[in-house]
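Spelled out from the first residue to the last, the chains are:
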Amino acid sequence: MTAEYQVHGDVAVIALNNPPVNGLGLSTRQAIVEGLEKAENDPAVKAIVLTGAGKAFSGGADIREFGSPKAIQEPNLLSVITRVENTSKPVIAAVHSVCMGGGLELALGAHYRIAAPGCNVALPEVKLGLIPGAGGTQRLPRVLGVEAALNMIISGEPVKSEMLAQLPGQKLFDKLSASAESLAEEAAAFAREMAAKHADGSAFPLVRNLPCKHKDGDAYFQFARNMVKGMAKNFPAPAKCVDAVEAATKKKFADGMAFEREIFINLMWTPECKSLRHLFTAERAASKIPDVPEDTPKRAIESVAVIGAGTMGGGISMNFLNAGIPVKMLEMKQDALDRGIGVIRKNYEAQVKKGKLKQDKYEQRMSLLSTTLSYDEIGSADLVIEAVFEEIGVKEAVFKELDRVMKPGAILASNTSTLDVNKIANFTKRPQDVVGMHFFSPANVMKLLEVVRGEATAKDVLATVMAVSKKIKKTAVVSGVCDGFIGNRMIEQYGRQGGFLLDEGCTPQQVDKAMEKFGMAMGPFRMGDLAGNDIGWAIRKRRYEEKPDMKYSKTADLLCEKGRFGQKVGKGWYDYVEGKRDAIPNAEVEQMIADHRKALGITPRKISDEEIVQRLVFSLVNEAAHILEEGIANKASDIDVVYIFGYGFPVYRGGPLNYANEVGLFNVVQAMKRFQKNPLDDAKFWEPAPLLTRLAAEGKTF
Ligand code: NAI
């Protein structure tokens, strides 16, 4: 049953029942139509209440039907809404909790609407690169006024029902119930009232018949267009929202609906919309681990200990404090603890100053934080996260201590970015309780969390860590153990290509500009300056020993030898003025690159932006294909999630593998073969990964 039908005296109640959010899938739509027919055919019924069972009125389209023919099969949502409008008895939509997308469009087809306070109302389609497609752009302006409606449609953000009910002249809600609990009763009473009102046969009010105008007419839409231009330069949907709402003010209702439909269908096939939809499903899929069922019992995490109060330890602690989970930080010396606490305080104070955090919330969070210098005081924590120096000997000492003091069943996590989690696990006598939790810097800001699954990591430990990551608002992706895990293993290849490009004739700013034009939040050299060039230097030094055959450009080493470690010292690939992040090109660095080229006997050539983008992005793709093939990542979409949430890959391109699919894997392979012929590049690396070759040959995608 995807909608329940009940009759209470002279009122029929149709309650959508398609958990979790009453998505308007085919069988739910059919059940609504059947309910309406039953109610019309029952002479005892005088009015109909349309509501939602459980935790929502309706969250809109059923995402399980995305891309399937069921999504548009009759009765499609447009037909259902028209059927509601044409019902011969008054239909009252009683909305609560969640009324979004198609759910709101459905409610707008009802003759009357009553809302419970606290209901989240939204048309979030723009977040998937779309506009509302079932009349939302035509009906919402008619009940809320053009400006309020357009703001909601462009932002896609939810607004509380009680706020909307206060808007002057609004016709969205005829009534607000006293509470969520009293909604059903008040809706039935209101339905009876409306039945009595129309007992004389008078027509029911329809939103489609309401006028729609903005007092400033064209001038307002001009302003709205300028506004969206700035905020959404890579996405077509927001500007189309303006077009559709403008049509509501200028066209007849039916023509406006046709116009909205046409835009909706055209947007559906844009790469931006496809990427956003891909990301939407990819993010949800990331939490699913093939051999760890969702109902795996989880360990309770009610307290956390963090070892190391440095850059990462502080940020990691803030995540838990923000979620109301007490944290105890452990350090070797009091002054390190004081420094760590000072940074956390400063971070929160900045948020308070900006009005993003209330003073009492700040104090409440700080009250959850305690510190210690002794391992004996952290043994009762449910989860301990180690964020000490990246040296295996230090990790060994720490994990041996943790093994000694932590209670049985506690989860022991390491934030290591490069070290072998299996090795770390074996420093303890409980490797099944050890897992990697690789946060990204700044750890309180970046959404990505790589959960590193060791050979021995228990399934319930994984399930627990995935659940905890949700609680602290991270997007977690599982990675197997390998050097660099998913993200950093790929970025190393990207960085290597950046180096070769300098040797061959590019400047750092040319490479950065090309990548930023492609949509990366930051080009590779600006990113190096931000992260600290010394980190890559340390990794390369290790590589020179471990993998002497691996080819690297030496420019980055020369840069580090000059002490140009990046923003933290005011100079790296670029110069920086204190307190500012602007990257200022530096003549000395450019000379250093040119001298190095000369020393290698390379005549610089002009390199196109297209070549820069292809070499950098396809280097990610080839490494990703190896990662997939080795089973380090569970699925291709996980890799896209890592790159979007951890490395500033453009959302509208949907991640490196989604982008490769769009370009066509055959073309990607051809480009790699071309790069193999460049004597200054690394021909061995550009051998397309077997998985990539196979998919391309079969005409498939990742
Ligand atoms: P950091 O140098 O800022 O902080 C490390 C802290 O650990 C210091 O405060 C130090 O006093 C403390 N410490 C060292 N040995 C200790 C011990 N035996 N017991 C208790 N405390 C000890 O280093 P950072 O950047 O916070 O890195 C920590 C870990 O996080 C490393 O494993 C690193 O690879 C990893 N990581 C770092 C990222 C970054 O961008 N900085 C990103 C992701 C992971």
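This is a predicted model, so every value here is computed, not measured. (Residues numbered from 1 in each chain as written. Predicted model: local features only at pLDDT ≥ 70, side-chain atom pairs only at ≥ 80, totals over all residues.)

## A few points about the overall build of the chain
In terms of helices and strands, the chain carries 28 helices and 19 strands. Relative to the compact-globule value of 27 Å for 702 residues, the chain shows a C-alpha radius of gyration of 29 Å, a close match. With the C-alpha coordinates aligned to their principal axes, the bounding extent of the chain is approximately 95 × 60 × 50 Å. Within the span of the chain, comprising 702 residues, buried residues form 47% of the whole. Sequence separation of 24 or more characterises 72% of the internal contacts of the chain that already satisfy a separation of 6 or more. (Helix = DSSP H or I, 4+ residues; strand = E, 2+ residues; numbered from the N terminus. Rg over C-alpha atoms; globule rule 2.2 N^0.38 Å. Buried ≥ 20, exposed ≤ 12 C-beta atoms within 10 Å, placed from the backbone. Contact = placed C-beta atoms within 7 Å.)

## Examining the packing of helix H4 (residues 136–144) against helix H5 (residues 146–155)
Axis separation between H4 and H5 bottoms out at 7 Å; the angle between their running directions is 135°. On the basis of their axis angle, the class for H4 and H5 is oblique. Two packed elements cross with a definite hand, and for H4 against H5 that hand is right-handed. Counting all contacts with H4, which are made through Gly136, Thr137, Leu140, Pro141 and Leu144, the residues of H5 involved are Val146, Ala148, Ala149, Leu150, Met152 and Ile153. In terms of residue class, the contact of H4 with H5 is made up of nine nonpolar, two polar and no charged. (Axes fitted to C-alpha atoms, helices over the stretch in contact; angles between N-to-C directions. Parallel < 35°, antiparallel > 145°, perpendicular 65-115°, else oblique. Left-handed = near helix turned anticlockwise from the far one by under 90°. Nonpolar A, V, L, I, M, F, W, Y, C, P; charged D, E, K, R; others polar.)

## What about the site of the ligand?
Taken together, 25 residues sit near the ligand, with Gly308, Gly310, Met312, Glu390 and Ser441 positioned nearest. Of all elements in the fold, only helix H12 (311–322), helix H15 (392–405) and strand S15 (434–439) reach the threshold of two or more residues within the shell around the ligand. Grouping the amino acids of the shell around the ligand by side-chain chemistry returns 14 nonpolar, nine polar and two charged. (Near = placed C-beta within 6 Å.)

## Quick notes on the UniProt feature "domain: 3-hydroxyacyl-CoA dehydrogenase C-terminal" (unreviewed entry) in the chain
Feature annotation in UniProt places "domain: 3-hydroxyacyl-CoA dehydrogenase C-terminal" (unreviewed entry) on residues 484–576 and 612–700, given in this structure's numbering. End C-alpha atoms of residues 484–576 are separated by 29 Å, and the span's content is 65% helix alongside 2% strand. Strand forms 0% of residues 612–700 and helix 65%; the C-alpha atoms that close the span are 26 Å apart. (UniProt positions renumbered as here; feature names shortened; annotations may be inferred.)

## Comments concerning the sheet that holds strand S5 (residues 98–100)
Strand order in the open sheet made by the three strands is S5-S7-S8, with mixed pairing throughout. Looking at strand neighbours, the two that pair on one side only are S5 and strand S8 (159–160), the edges of this open sheet. In this fold helix H3 (residues 102–109) packs onto S5 and strand S7 (120–122), with an angle of close to 85° to the strand it touches most, S5. (Pairing = 2+ DSSP bridges.)

## Things to note about the nonpolar core
Residues Ile92, Val384 and Val451 are the most contacted members of the largest nonpolar core, which totals 205 residues. Looking at which element gives the most residues to this core, the answer is helix H24 (residues 609–629), with 10 residues. (Core = buried A, V, L, I, M, F, W, Y, C linked by C-beta atoms within 7 Å.)

## Things to note about the domain arrangement of the chain
Under the domain assignment used here, the chain contains domain 1 (3–268), domain 2 (304–479) and domain 3 (487–697). Taking only C-alpha atoms, the centre of domain 2 and the centre of domain 3 are 30 Å apart. Each partner contributes to the interface: domain 2 provides 11 residues, whereas domain 3 provides 11 residues. If you list the elements that add at least two residues to the side of domain 2 that touches domain 3, you get strand S16 (448–452) and strand S17 (475–479). No other element matches S17, which puts four residues into the side of domain 2 that touches domain 3. Partitioning the side of domain 2 that touches domain 3 into residue classes produces five nonpolar, four polar and two charged. (Domains from an automatic or database assignment.)

## A closer look at helix H13 (residues 334–353)
A rise of 1.5 Å per residue sets the reference length of H13, with its 20 residues, at 28 Å; its end C-alpha atoms lie 28 Å apart and thus fit the reference within 8%. For H13, every residue scored as buried is listed here: Gly340, Ile344 and Tyr348. The buried residues of H13 occupy one face: seen down the axis, they fall within an arc of 65°. With respect to the buried face of H13, the exposed residues turned more than 90 degrees away are Gln334, Asp335, Gly342, Lys346, Ala350 and Lys353. Contact partners of the buried residues in H13: H12, strand S11 (327–330) and helix H14 (359–367). Where H13 ends, the next residue or the one after it, Gly355, has phi of about 80°, a positive value. (Expected span 1.5 Å × (residues − 1). Arc of directions from axis to C-beta.)

## Considerations on the sheet that holds strand S9 (residues 175–176)
Pairing in this open sheet of six strands is mixed, and the strands run S1-S2-S3-S4-S6-S9 from one edge to the other. Both edges of this open sheet fall to strand S1 (3–8) and S9, since each of them pairs with a single strand only. Bridge count between strand S3 (residues 47–52) and strand S4 (residues 91–95): three bridges; the pairing is parallel. Within S4, the residue paired with Val49 across the bridge is Ile92. Its contacts with the sheet place helix H7 (residues 183–197) against S1, strand S2 (11–16), S3, S4, strand S6 (112–115) and S9, and it is angled at close to 155° to S3.

## Structural notes on helix H9 (residues 237–250)
Under the 1.5 Å per step criterion, the end-to-end length of H9 is 20 Å for 14 residues, consistent within 8% with the ideal 20 Å. Counting buried positions along H9 gives 10 out of 14 residues, so the element sits mostly inside the fold. Within H9, burial applies to Ala237, Pro238, Lys240, Cys241, Val242, Ala244, Val245, Glu246, Ala247 and Ala248. Buried residues belonging to H9 abut H4, H5, helix H8 (218–231) and helix H10 (253–268).

## A word on the packing of H5 against H9
The interhelical angle for the contact between H5 and H9, taken along N-to-C directions, is 150°, at an axis separation of 10 Å. Classified by the angle their axes make, H5 and H9 are roughly antiparallel. Judged by the sense of rotation from one axis to the other, the crossing of H5 with H9 is right-handed. Along the contact surface, H5 presents Val146, Ala149, Leu150, Ile153 and Ile154, while H9 presents Pro238, Cys241, Val242, Val245 and Thr249. Across the contact of H5 with H9, the residue classes tally to nine nonpolar, one polar and no charged.

## Regarding the environment of Ala323
Counting through the fold element by element, Ala323 comes out in the loop between H12 and S11. The spatial distance from the C-alpha of Ala323 to the C-alpha of Lys471 is 6.7 Å, given a sequence separation of 148 residues. Among all residues touching Ala323, those that are not within four sequence positions of it are Lys471 and Ile472.

## Notes on unusual backbone geometry
Along the chain, Pro19 connects to Pro20 via a cis peptide bond; the corresponding omega equals 5°. Along the chain, Pro20 turns up in the loop between S2 and helix H1 (26–41). Here the residue pair Ser441 and Pro442 is connected by a cis peptide bond, since its omega of -5° sits within 30 degrees of zero. In this model, Ser97 sits at a positive phi of 60°, which is unusual for a non-glycine residue. Position of Ser97 relative to the elements: it lies in the loop between S4 and S5.

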